[in-house]
Amino acid sequence: MLNNSVKPVWLASYPKSGNTWMRLFFTALTKEEPDINEMETDGIISSRLIMDQSLGMPSSAIPEEDLLEIRSAMYHRWAQTSKKEFLLCKVHDACFREGIMLFPGQITRGVIYVIRNPFDIAASLANHNRSTIAEAVKALCDNQYTLSNSRNKLTYQLSQYMGTWSNHVDSWTNAHRDNIQVIKYEEMISKPFDTFSKVIDYLGLSHSSEDILSAIDKTSFDKIKKQESEKGFGEAPLKVDSFFRSGKVGGWQQELSAEEVRMIIDVNYATLVRYGYISEKGEVLV
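Worth saying up front: this structure is predicted, and the values here are computed from it rather than measured.

What counts, and where the lines are drawn
Residues numbered from 1 in each chain as written. Predicted model: local features only at pLDDT ≥ 70, side-chain atom pairs only at ≥ 80, totals over all residues. Heavy atoms only, no water. Helix = DSSP H or I, 4+ residues; strand = E, 2+ residues; numbered from the N terminus. Rg over C-alpha atoms; globule rule 2.2 N^0.38 Å. Buried < 20%, exposed > 50% of the residue type's maximum accessible area, 1.4 Å probe, protein only. Contact = heavy atoms within 4.5 Å. Phe/Tyr/Trp six-rings, centres within 6.5 Å; stacked < 30°, edge-to-face > 60°. Lys NZ or Arg CZ within 6 Å of the ring centre and 35° of its normal. Expected span 1.5 Å × (residues − 1). Bend = angle between axes of the 7 residues up to and from the residue. Core = buried A, V, L, I, M, F, W, Y, C linked by side-chain atoms within 4.5 Å. Pairing = 2+ DSSP bridges. Axes fitted to C-alpha atoms, helices over the stretch in contact; angles between N-to-C directions.

Student: A description of the overall build of the protein should follow, citing residues and the corresponding values.
Tutor: The helix and strand inventory of the protein stands at 11 helices and eight strands. Its C-alpha radius of gyration of 18 Å places the protein within 12% of the 19 Å reference for a compact globule of 286 residues. Considered along the principal axes of its C-alpha atoms, the protein spans approximately 50 × 45 × 40 Å. Within the protein, the fraction of its 286 residues that count as buried is 54%. In the protein, once contacts between residues fewer than 6 apart in sequence are set aside, the share between residues at least 24 apart is 70%.

Student: Lay out the packing of aromatic side chains with the relevant residues and their values.
Tutor: Using the criterion set out here, one finds 10 aromatic pairs in the structure. In textbook terms, an aromatic cluster arises when at least three aromatic residues are bridged by ring pairs, as seen for W21, F25, F26, Y185 and F196. Sitting over the face of the ring of Y185, R116 holds its NZ or CZ atom 4.3 Å from the ring centroid. Its guanidinium or amino end placed over the ring of Y277, K184 lies 4.5 Å from that ring's centre, counting from NZ or CZ.

Student: Can you explain helix α3 (residues 64-80)? Please cite residues and give values.
Tutor: Here α3 is 17 residues long and its end C-alpha atoms lie 23 Å apart, about the 24 Å a rise of 1.5 Å per residue gives. At I70, α3 shows its maximal bend, which comes to roughly 55°. Residues of α3 that are buried include every one of L67, L68, R71, S72, M74, Y75, W78 and A79, and no others.

Student: Got a sec to walk through the nonpolar core? Specific residues and values, please.
Tutor: Judged by nonpolar contacts, the single largest core of 52 residues is most densely connected at W10, Y14 and W172. Here the element with the most residues in this core is α3; it accounts for six residues. Once residues lying within four places of it in the same chain are set aside, the contact partners of Y14 are H92, Y113, I121, L125, A139, L140, Y145, M162, G163, T164, W165 and H168. In this structure, L11, M22, A28 and I112 belong to the second largest nonpolar core, which totals 26 residues.

Student: Which residues make up the pairing of strand β1 (residues 9-13), and what values do they have?
Tutor: By the criterion of burial, β1 is predominantly enclosed, with five of the five residues buried. A two-sided burial pattern is seen for β1, the buried positions comprising V9, L11 and S13 on one face and W10 and A12 on the other. One ladder, built from four bridges, connects β1 with strand β2 (residues 88-91); its direction is parallel. Each bridged residue has a counterpart across the sheet, and for A12 the counterpart in β2 is V91.

Student: Requested: an account of the sheet that holds strand β5 (residues 110-115), with residues and values cited.
Tutor: Read from one edge of the open sheet, four strands run β2-β1-β5-β8, paired in parallel fashion. Every interior strand has two partners, whereas the edge strands, β2 and β8 (181-184), have only one. When strand polarity is set aside, the average angle formed by the axes of neighbouring strands in this sheet is 20°. Relative to the sheet, helix α6 (residues 165-175) contacts β1, β2, β5 and β8, its axis offset from that of β5 by approximately 155°.

Take a look at the structure:
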């Protein structure tokens, strides 16, 4: 069982790995007709609004390198001022940056880490970033890759260090190895009831099998995509035709070149093997 004090559960993932789907699932547990634009979870923790509330002043007045030193303390302060007993917060940051632990155990109730095959992430990330697949593959293999890192304009989120795909996965699974539930995106699709039930059990929540099955049905990819086509999705980047692109497993086989696949394997080999995405011989298994 998890600590019941006011500490967040971090819903962490590399971008385009199923984080939004998981948040929608939690919304559907308590909403008869979940709205993709009104999720019940507590937003993304890199939001400047959260930091501004914790600081009591605009975070834009403080250099990001100085904010880095105090981010975990500010997140703890934000959680302590919440009136909720259960906080579920989206995170795309790696768990630590420049030797600083952003999400240490003492401010953490639990971690749900959603992991996805990086070969499939590539095309989805390219669509999200309005880039080429080659650029997305480069990002997955770049140990300095950082989101919202513009030096020319102020973004509504703090910069978020990703590193390579394996840097990101390992940062969370190593830091919280004794208190983390790793969920594979592929299993959210292939065996949804077992997978989402595992999350509910980990969090110690009391939802019934019927609740879980209903939430899975209400957040099917087709229903989510239909909502987006009818009324848009507020979290979608500007000029992106669709946030919810295809949701398929294995689409990379028609989208990535052999060279791009090899690049991902060469940079992320050990973590790919650990989670069963490739064999020790480097053969792709998904």
